[in-house]
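Now for the letters of each chain:
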Amino acid sequence: MPVLYRYFGLLILVYSNEHEPIHVHGRYQGAESKAELIVVDGKVEEIRIGRVPGRKPLGPAQLRDFQLVVEQYAEEIVQKWIDYFILHRQVSSENITRRIR
């Protein structure tokens with residue numbers, strides 16, 4: 001389960017057995033939501049935030065943070081997805097220590 005980003009207690013990660021479409025999970029203290037990245041012609045066109053079946057969703061503050069991180073790092077997330085799932089490379093985790101506004 002590679003963690004891509006850590007943002008003030010929120011983990012943005014992928015599970016090793018993932019599937020398309022490209023998506024990441026946001027986890028915080030047992031709650032979890034997901035963000036699907038819709039890519040058209042190599043560019044992120046849309047981000048869809050949703051629930052993970054059987055899991056308590058992120059609370060409002062963490063959901064907002066999750067959306068901010070995914071929006072800010074969308075292109076990097078796509079590249080990390082490709083590196084990990086297509087090219088079978090290790091991906092590095094990044095601690096984000098400045099608030100995204």
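How each quantity is defined
Residues numbered from 1 in each chain as written. Predicted model: local features only at pLDDT ≥ 70, side-chain atom pairs only at ≥ 80, totals over all residues. Heavy atoms only, no water. Core = buried A, V, L, I, M, F, W, Y, C linked by side-chain atoms within 4.5 Å. Buried < 20%, exposed > 50% of the residue type's maximum accessible area, 1.4 Å probe, protein only. Helix = DSSP H or I, 4+ residues; strand = E, 2+ residues; numbered from the N terminus. Contact = heavy atoms within 4.5 Å. Polar contact = N/O pair within 3.5 Å; in protein donor to acceptor, adjacent residues only side chain to side chain. Pairing = 2+ DSSP bridges. Phe/Tyr/Trp six-rings, centres within 6.5 Å; stacked < 30°, edge-to-face > 60°. Expected span 1.5 Å × (residues − 1). Arc of directions from axis to C-beta.

### A closer look at the nonpolar core
Membership of the largest hydrophobic core comes to 25 residues, with the highest contact counts inside it found for Val24, Leu37 and Phe66. Broken down by secondary-structure element, the contributors of at least two residues to this core are strand S1 (3-7), strand S2 (10-13), strand S4 (31-40), helix H1 (60-72) and helix H2 (74-86). Sort the elements by how many residues they give to this core and H2 lands first, with 5 residues. Non-local contacts of Val24, meaning those with residues more than four positions away in its chain, are made with Leu4, Ile12, Leu13, Val14, Ser33, Lys34, Ala35, Phe66, Val70 and Ile77.

### Observations regarding the side chain of Glu32
Along the chain, the position of Glu32 falls in strand S4. Polar side-chain contacts of Glu32 include one of 2.7 Å to the side chain of His25. At 2.6 Å, the side chain of Glu32 forms a polar contact with the side chain of Arg55. Residues contacting Glu32, with those up to four places away along its chain left out, are Tyr15, His25, Gly26, Arg27, Val52, Arg55, Lys56, Pro57 and Leu58.

### Considering the pairing of strand S5 (residues 43-51)
Side chains on a regular strand alternate between the two faces of the sheet. Direction of pairing for S4 relative to S5: antiparallel, over a ladder of 8 bridges. Its bridge partner being in S5, Glu36 is matched across the sheet by Arg48. The antiparallel pairing of S4 with S5 creates a hairpin that spans 2 residues between the two strands, and Asp41 there sits at a positive phi of about 55 degrees.

### What to know about the packing of aromatic side chains
Under the counting rule described, the total for this entry stands at 4 aromatic pairs. Where Tyr5 meets Tyr73, the ring centres are 4.8 Å apart and the plane angle is 40 degrees; that geometry is what we call tilted. Of this pair, Tyr5 sits in strand S1 while Tyr73 is found in the loop between H1 and H2, placing the two residues 68 residues apart along the sequence. Each member of the pair Tyr5 and Tyr73 is classed as buried.

### Considerations on H1
Here H1 contains 13 residues, and its C-alpha end-to-end distance of 18 Å stays within 8% of the 18 Å for a straight helix at 1.5 Å per residue. By the burial criterion, the buried members of H1 are Asp65, Phe66, Val69 and Val70. Each buried residue of H1 lies within a common arc of 130 degrees when the element is viewed along its axis, so the set occupies one face. More than 90 degrees from the buried face of H1, the exposed residues found are Pro60 and Gln72.

In short, the description is geometric, and any link to function would need to be established separately.
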